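Reading the structure
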Amino acid sequence: MMKVEFLQALKERVLVLDGAMGTMLQERGLKPGQSPEELNLTMPDVVAAVHQEYLDAGADIIVTNSFGGSREKLSHYGLEGRLVEINAASVSIARRVAGDRAYVAASIGPTGRFVEPVGDLTFDQMSDIFREQAKALIDAGADLITLETFLDIKEIRAAIIAIRELSRTIPVIAMLTFDNNGRSVLGTSPEAAAITLEAVGADVVGSNCGLGVEGIFEILASMRRVTDLPLISQANAGLPILKDGKTVFPGTPEEMVSYHGRMLDLGVRVIGGCCGTTPAHISAMKCGLAGMDQSYRKSGPSGEIMFLSSRSGYVAIGGGHQTAVIGERINPTGKKAFCAELRDGKISYIRREAVEQVAAGAALLDINVGAPGIDEPAAMERAVFCVTGAVQAPLVLDSSSPEALERGLKAADGKVLVNSVSGEEKSLSRVLPLVKKYGAAVIGLTLDEIGIPPTAEERLKVAERIKAAARSHGIEPRDILIDSLTLTVSAEQKRALESLRAIRLVKEQLGLKTVLGVSNISFGLPARPLISSTFFAMAMEAGLDAAIINPKEEPMMAAFRSAMVLLGKDKNAEAYIEAYRSLAGGAAVPAETPADSGEIRGRLGRAVIAGDVEGVRALVDTALAEGLTPMQVSNEGLLPGLEEVGRRFEKNQVFLPQVMRSAETMQTAFARLKEELKGAEFETLGRILMATVEGDIHDIGKNIVCTLLGNHGFEVIDLGKNVSAGKIVEEAIRLDVHAVGLSALMTTTMSEMENVLAKLKAAGVRTFTMLGGAVVTQEYADSIGADLYARDALEAVARIKELLKK
C-alpha cells in the first residue's frame, strides 16, 4: 500500500498510469475469442509480467486486468460463476507487482448493453452488475477504481452510484470515449459528461480511447469549462492503420509527450496510455515530466455556478449567467386532458409541451405528474424518458413523493434539479439523501412546519436551515436554489415586496442562488401576464437566478429578454436582436409550434422526426383511410421523415437516442402497414448480411445499423456476434445477399475482417462489403479491399443505398 493517499498524491505531482493491456496479452498467448480476464486464473505470471514492464517503465498506477470482469461480460465465456475469483485475482496480481511503488487501480469497463429506454436493462439491473464487480475489487484491496471506455453516460452514472453505495471514500476515475466530432456515441458532450460524473461522485474525470493525444486534449479543455476536478488523459497512440497484415498504432512516444505542457496547464493530474501504447510510451511520458513544474494548477469555473446537464446539453445558473427559464407547462394542475393521458399511460402532451417550451426559450423543463388516481412513480419515469428523448434541456423533477423523485432520478441521464425540499424536518430527511445519492441539485422552499413566514428575515432563517441540512448531507451550496415563494398579490399585496427582499437577503447573507414560481403573483387578477411580467422584471433586477414560468407567454419572455439586456447578461444584446430582428416594432411574434394539422404525408414525417411511437399508428390509419397505399405511406410519408432525422444527426442537432426513437416509430408504423398487406411483403432495396467478426463479442453498433437498414427498406439478416468467417461465407452464398456488413470494436479483432474478405473472394462470392466499428477507419477498409466504410449507422444506410444504386 502506498503511504501517500491517492488524492493527496494528485495534488503533489502528476501520476503516470500504465498503457494497453489487451495487445500485450495477445502477444503473450491470449487466444482469439478468449476472455482476457480468464488469464488471471490460468496464466497469472503472464499478466504479472505485463504489469512489471509498465512498473519498470515508470508507471505510478498499475491497472488491473479486470476491464471485462462484470457478470455481463464474463457470461459470454461461461465464467460468470467465477466473477469474485477472477476480479480478486486481478487485484492480487497487480498488488504483488506494484508493492509500495505504485497504486493499484481496479479497471471496470462497460457491459456492452444500454440502459432503458435506449437499451433493455433497467437502471437497477445495471447498478447491480457494477455493484457486484466493484465489491469484489474493493474487498480485494484495490487503491482506487477506474471506469474506462464508457460510451453511455447513463451506464457510467449507474456504475458510480453503485460504487458510492459500497464506499464513499474509495477514489473513482471516470472516463468516457468520444469520437472526432467531440461527442460520445450517444451524443454526450464533454461538458455534459463532466458535470454528470462530478455530480455522482467521481474524483477524477477525463477521456480514454477513441482519439489520439490531440483529440483527447480538446475533450479535456471542454471539460475544464465546467469542472475544477483533476483531469485524466489516456489517449491512444494515434489512430490504427494496417501494416504488414497487422493493426498498428502509429503514434510515437515523442508525439504523446509533446502535449505534456498543455496538459499540465489544463489541470491534468493523471497521464496514461490506451490502445497501441507500450512500456516505451509510458517510459517517455514519465521522462517527459521530469523537470517540469508539476504543482497543482487548480482551474475551472467559478465555484458559485450551478451546472445542470442532460445527456447532450447543459445549463449554467448563477455566476453572472442569464436567469434560467424553467418551463412550467408539464403539470396536470387544471388540465383535464393531461390528467386523462396520465391515467392512460400516454405521453403525447408531455412530448408536445417539451418541444414547444424549448422552442419558446425554456432552458430547463419542470416535470410534475402528480394527480389523483395516478401511479406517480411510473408516470414520472415515463415522463423523464419522453422528455429526454424529445429535447436536450436538463430536467427539474417536481414532486412531493420521494418514491416518484427516486424513480425520476434513476430514469434521468444527467444532473437534474429536484423541486423541492422545505424547511420541515420530515422533508429534509426524506429528500436530501436522494439529492446526494443521485447527484442532483435542489430547490429549497422557505417554509416550514408553521407555514410561509411573513417577513424576508424569517424566510432567510428557513433558507439558512436548509443550507445547513444540505451541507450535512454533503451537498455543496452551489447546488442549492432558494425559492422565497411568490404569494398572490391580489390577496396579500405587501408580501410581493417581501419576496423580492428575501431574494436579496438570501444572495447577500447566504451566498445562495434564487428561484421563483413567478406566475403565482397574478392569480385571481385580470390580464395576468401584465402583473406577472412586471413582477418578473423586478425579481430579475433583485438578482433572481432562475424562474419557473410559461415560456409560451410572450409578455413573460419579452420581460426576460429585455431584462437580460438591461442587466448586462445578454452580451451585445445578441439574443434580444435575434428574437426581434424581424419586427419593425411592437410585440414579438409568438414562437412557432409544431402543427397537428396539415397534409397527411407531412404529418407522418413529423411523427417520425419527433419519435411519436404512441401517435404514429393512428396517423397511418388516417393515411390509409385517405386512400394512400402502404407503399405511398412508407415512401412518401415515413421515409422522408427518417431522412430528415439523418440530416439533423449529421449536423449534431439530434443524437443516437433520438435516432433510435425515430426508428422505433418507423417500426410501429411498418407493423401497421404489414397488417394491411395481409401477409405480402414490402419490396426490399436489397438483402444485407450483418455480423460481428469472430473473437469480438461487441454488437451494439452493429445492432443499430441493422435496425436502421430495416427501417429504410432493406432485408437484414443478422448473424450476431463472434461469427466465424466460414459461417459468414456459407450464409452469404445460401441467401444470395447483395452486401455483407462486418463490425469490430477491438483492435485485436480488426484483422479478422481481412480474413473474412479473403474467404468471400476465394469462394467466388460476388457481393459488396461494408466495414464499421469503433477502431475501423477508411484507410483500413481501403487497405483490405472493402467496398465501403461507414463512421456510424446513418452513414452506413446512406452509403449502402448509394452503392447498390450503382
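Our subject is the structure that appears above.
The following refers to the structure shown. (Residues numbered from 1 in each chain as written. Predicted model: local features only at pLDDT ≥ 70, side-chain atom pairs only at ≥ 80, totals over all residues. Heavy atoms only, no water.)

Turning next to the overall build of the protein. Within the protein one finds 32 helices and 25 strands. Taking 28 Å as the expected radius of gyration for a compact globule of 806 residues, we find that the protein reaches 28 Å, a close match to that expectation. The principal-axis extent of the C-alpha atoms belonging to the protein is close to 85 × 75 × 50 Å. Nonlocal contacts in the protein, meaning residues at least 24 apart in sequence, comprise 74% of its contacts between residues at least 6 apart. Summing over all exposed atoms, the protein offers an accessible surface of approximately 31500 Å²; the carbon and sulfur share of this is 51%. (Helix = DSSP H or I, 4+ residues; strand = E, 2+ residues; numbered from the N terminus. Rg over C-alpha atoms; globule rule 2.2 N^0.38 Å. Contact = heavy atoms within 4.5 Å. Areas by Shrake-Rupley, 256 points an atom, 1.4 Å probe, with all protein chains shown as cover.)

Across all of its chains, the model carries two cavities of 30 Å³ or more by this definition. Space inside the largest cavity adds up to approximately 60 Å³. Elements represented by at least two residues in the lining of the largest cavity include exactly β7 (231–235), α12 (260–266) and β10 (268–273). Here the lining of the largest cavity is composed, by residue class, of seven nonpolar, three polar and no charged. Roughly 40 Å³ of internal volume is contained in the second largest cavity. Taken together, Ser-309, Ser-310, Arg-311, Thr-388, Ala-393, Pro-394, Leu-395, Ala-412, Asp-413, Gly-414 and Val-416 make up the lining of the second largest cavity. When grouped by side-chain class, the residues that make up the lining of the second largest cavity number five nonpolar, four polar and two charged. (1 Å grid on protein atoms, 1.4 Å probe; cavity = no way out; pocket = protein on both sides within 12 Å on 5 of 7 lines; lining within 4 Å. Points joined across faces, edges and corners; volume = space filled by probe spheres on them. Nonpolar A, V, L, I, M, F, W, Y, C, P; charged D, E, K, R; others polar.)

Counting buried positions along strand β21 (residues 687–692) gives five out of six residues, so the element sits mostly inside the fold. Of the pairings in the sheet, the one linking β21 to strand β22 (residues 715–718) comprises four bridges and is parallel in character. Its bridge partner lying in β22, Met-690 is registered against Asp-718. Crossover handedness for the path β21 to helix α28 (residues 700–711) to β22: right-handed. (Buried < 20%, exposed > 50% of the residue type's maximum accessible area, 1.4 Å probe, protein only. Pairing = 2+ DSSP bridges. Right-handed = clockwise from strand over helix to strand, strands pointing away.)

Read across the sheet, eight strands follow the order β1-β10-β7-β6-β5-β4-β3-β2 without closing on themselves; strand pairing throughout is parallel. Two strands close off the open sheet at either side, each with one partner strand: β1 (15–16) and β2 (61–63). Pairing of β2 with strand β3 (residues 103–108) involves three bridges; the strand directions are parallel. Paired with Ile-61 across the two strands is Tyr-103, which belongs to β3.

In summary, soluble globular proteins display a tendency toward joint burial of nonpolar side chains. Leu-147 and Phe-536 are the most contacted members of the largest nonpolar core, which has 165 residues in total. Those residues in contact with Leu-147 that sit more than four places away from it in its chain are Ile-108, Ile-156, Ala-159, Ile-160, Ile-163, Val-172, Ile-173, Ala-174 and Met-175. Residues Leu-656, Val-659, Ile-688 and Ile-800 belong to the second largest nonpolar core, which totals 28 residues. (Core = buried A, V, L, I, M, F, W, Y, C linked by side-chain atoms within 4.5 Å.)

Here we take up helix α9 (residues 190–200). Counting buried positions over the eleven residues of α9 gives ten, a clear majority of the element. Within α9, the full set of buried residues consists of Pro-190, Glu-191, Ala-192, Ala-193, Ala-194, Ile-195, Thr-196, Leu-197, Glu-198 and Val-200. Two residues or fewer past α9, Gly-201 is found with a positive phi of approximately 120°.

The values are spatial; any link to function lies outside them.
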